[in-house]
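What the coordinates show
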Amino acid sequence: MRMVIAIKRLLIACLFAILAHECPAADSPGQRSILVLEDADFRSPFYSEIFAGIRTAAKENGQIHTVIYGESLDLARFPGPDYEESLVGHLKTKYAHRPIDIIVSIGVASAKFLQARKHDIWPAAPVVYGFVPDLPETRALFLPGTTAIFAKVSPAQILTAARAVVPDLTGVVLVGDAWKNPLIYGHWKQEFATTMPGLEIIDLSGMVLREVRERVGSLPPRSAILTSAMYSDGEGTHYLPAAALARVAERANRPIIITSDTFLGRTGVGGFLLLPETIGQEAGQLAMRILGGESPSNIPPVAGDNVKPIFDWRQLKLWNVDEAHLPPGSEVRFREPSFWEQYYWRVMISAGVVLVQAMMIGILLRERRLRFQAEVEARQRMSELAHMNRLATAGEMSATIAHELSQPLAAILINAETAEQVLQTPAPDLGVISEILSDIRRDDKRANEIVVQVRSFLKRARTERIELDLNATVSDVFRFLSIQALTYDVALATDRSSLDIRVTADKVQLQQAILNLVMNAIEAVADLPEDRRRIVGRTSLANNQAMISIADAGDGICTEKVTEIFKPFFTTKTQGMGIGLSITRTIIEAHGGRIWAENAPTGGAVFHISLPLAVARS
């Protein structure tokens, strides 16, 4: 409360500083002067806003340079003829050398003062009456050659607001001094009776503030408090109207209907509220028209557009008031913004970010699916190409395979013929027959192993990665190619690691990769002298990787072609397709490994393969 009073005093000081700054300008030629007479006190927020509205209207008229004076009559706190007489003398002296071009009278008390005293102070100045109700009793106060802008909240409007807040209203409680003044609310009892017959009325307007506070704490449940301005507690202490009403609200157990925009947010639910700044602007606009040359007699008094139904959202929630019951065109202030209203832009930005992220995720998922499909297709093509490579290799090895099969088959034939001869003797030696059958069984088993090896190499099966013994896998390939090596008179040897090296791979594909390297090595040394026709396959562990090395004693690889030899269709052979090493690299990289070639310091080429070790299982 002290802070509010301090702010009000600061505003008043600034207001009078502005007035003091403008006063000397009244002596300037061409300036017109306006005197604002208010029947209360400039310290009241209501009258301060009226004065501000008059100033705004004057500034908006750029053709007439005006200076505005203000006087607070303060008749509510200081009634009586002696005070009025002192006011007349004070004002006559104060404005003896300050001609007043027009008077803007604010309030009924100011109108009464002018009716009685104007001819003594400013006999020639026209008057614009503002903030007065349109009642016969009020119009009787108007002096000749004047006009007015009416501002009034009618009793019917007050009752309408009360019924909106309390739909089952049966009674009203009157609080405030103005209910006793017929020049403000006129014949309100008749209006209440006409608007709502049978309405119970509890009139507390004549009580002191202390008694009012006691009464409003225990009011009937279907009632509402109707307020008007209060300037004192009736026991010698004077208040600003908002402060007096706030003390009533501290004890009230029923909603309070107010009549001024300056009360909203402090005491009551709301109602049809007077808009003081609008009242000031409307009165100021009439004053500027008169200063512009219009005669007040030609401007009839009119009702201003200065009353509007306005309510406090917090009070509506406190009293469980449905906004649908409010009068049409009502404005609801102090509404707490909804989550959407409060965080609209944050939600929109967040939604936009989420949407962009969702789109990016969708695009990435689509790309991932397309990439997966491409990888599947690539693996299928690679598998098909690898199968073709195996068929081509098998074609190259067909003579060797046929020779390999012919040996056990020929042995079987010889043994079978021998058995027939033995059986034709008069006393066949069964021991010999048994040995012959054992030889046939051994040779048949050898031929079957050759067929199984070739079939497993040539078969086109689904890729299946299993845990393999790398030493055994390399040995199987070298054993399989031993006959092919003999055809070219090439010596094959393996240098197996003493460690158990296990990798996870597709057996057929890994064998094919090793076989391609050995076949290339065989062809590389086939035409060389006998001491250089040798190939060694080694297995080892290095840097936690499984290593395979295929070394030959050939002429090596041209330095500029060391990296190109793994490209598709690159070949140095007259009959080669150039896909063997490319397929080998594809197989090794598909298994997470790496392949590279280099020339050995002692001569020849070495192809290295590194593969991840199989994950140990507990």
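Further up the page is the structure itself.
Notes on the structure in this doc start here.

Each helix and strand in the protein chain was counted, giving 20 helices and 20 strands. With 618 residues in all, the protein chain has 44% of them scored as buried. For the protein chain, the share of sequence-separated contacts (at least 6 apart) that also reach a separation of at least 24 residues comes to 71%. In the form shown here, the protein chain has an accessible surface area of approximately 32,600 Å², with 55% of it arising from carbon and sulfur atoms.

Now for the sheet that holds strand 19 (residues 594–599). Reading across the sheet, the 5 strands line up as 15-17-18-20-19 and stay open at both edges, with mixed pairing between neighbours. Each edge of the open sheet is held by one strand with a lone partner, namely strand 15 (491–495) and strand 19. Going from strand to strand, the sheet's axes swing by 15° on average, the running direction of each strand aside. The sheet contact formed by strand 15 and strand 17 (residues 534–542) spans 5 bridges and is parallel. If you follow Leu492 over to strand 17, its bridge partner there is Ile535. Across the sheet, helix 19 (residues 507–525) is in contact with strand 15, strand 17, strand 18 (545–552), strand 19 and strand 20 (605–612); its angle to strand 18 comes to roughly 20°.

It is worth spelling out a nonpolar patch on the surface at this point. A surface patch of nonpolar side chains, about 570 Å² in accessible area, is lined by Trp340, Trp345, Met348, Ile349 and Val353. Element by element, the count of residues in the nonpolar patch is highest for helix 14 (residues 344–396), at 4 residues. Secondary-structure assignment places Trp345 in helix 14. By relative accessible area, which is 63% here, Trp345 ends up exposed.

Enumeration over the complete set of coordinates arrives at 20 salt bridges. With a shortest N-O distance of 2.6 Å, Arg333 and Asp261 are connected by a salt bridge. In this pair, Arg333 sits in strand 13 (residues 331–333) while Asp261 sits in the loop between strand 9 (256–257) and strand 10 (270–274), placing the two residues 72 residues apart along the sequence. With relative accessibility at 16%, the residue Asp261 sits in the buried group. Between Glu467 and Arg502 there is a salt bridge whose closest N-O contact spans 2.8 Å. Highlighted residues: Glu467 in strand 14 (residues 465–469) and Arg502 in strand 16 (residues 502–506), separated in sequence by 35 residues. Counted as one network, the salt bridges with shared partners bring together Asp261, Lys308, Glu331 and Arg333.

Below, the discussion takes up helix 3 (residues 81–94). Spanning 14 residues, helix 3 covers 20 Å between terminal C-alpha atoms, matching the ideal 20 Å at 1.5 Å per step. Among the residues making up helix 3, those that are buried are Leu87, Val88 and Leu91. Burial along helix 3 is one-sided: seen end-on, the buried residues are contained in an arc of 100°. Across helix 3 from its buried face, at more than 90 degrees, point the exposed residues Asp82 and Thr93.

Attention now goes to the packing of aromatic side chains. One pass over the full model with this rule turns up 13 aromatic pairs. The interplanar angle of 55° and the centroid separation of 6.1 Å between the aromatic rings of Trp179 and Phe192 together place this pair among those described as tilted. Taken together, the residues span a long stretch of sequence, with Trp179 in the loop between strand 6 (171–175) and helix 7 (182–185) and Phe192 in helix 8 (residues 188–195) at a distance of 13 residues. By relative accessible area, which is 3% here, Trp179 ends up buried.

About the criteria used
- Residues numbered from 1 in each chain as written.
- Predicted model: local features only at pLDDT ≥ 70, side-chain atom pairs only at ≥ 80, totals over all residues.
- Heavy atoms only, no water.
- Helix = DSSP H or I, 4+ residues; strand = E, 2+ residues; numbered from the N terminus.
- Buried < 20%, exposed > 50% of the residue type's maximum accessible area, 1.4 Å probe, protein only.
- Contact = heavy atoms within 4.5 Å.
- Areas by Shrake-Rupley, 256 points an atom, 1.4 Å probe, with all protein chains shown as cover.
- Pairing = 2+ DSSP bridges.
- Axes fitted to C-alpha atoms, helices over the stretch in contact; angles between N-to-C directions.
- Patch = residues over 30% accessible without salt bridge, like charges linked within 9 Å, V, L, I, M, F, W, Y side chains within 5 Å.
- Salt bridge = Lys/Arg side-chain N within 4 Å of Asp/Glu carboxyl O.
- Expected span 1.5 Å × (residues − 1).
- Arc of directions from axis to C-beta.
- Phe/Tyr/Trp six-rings, centres within 6.5 Å; stacked < 30°, edge-to-face > 60°.

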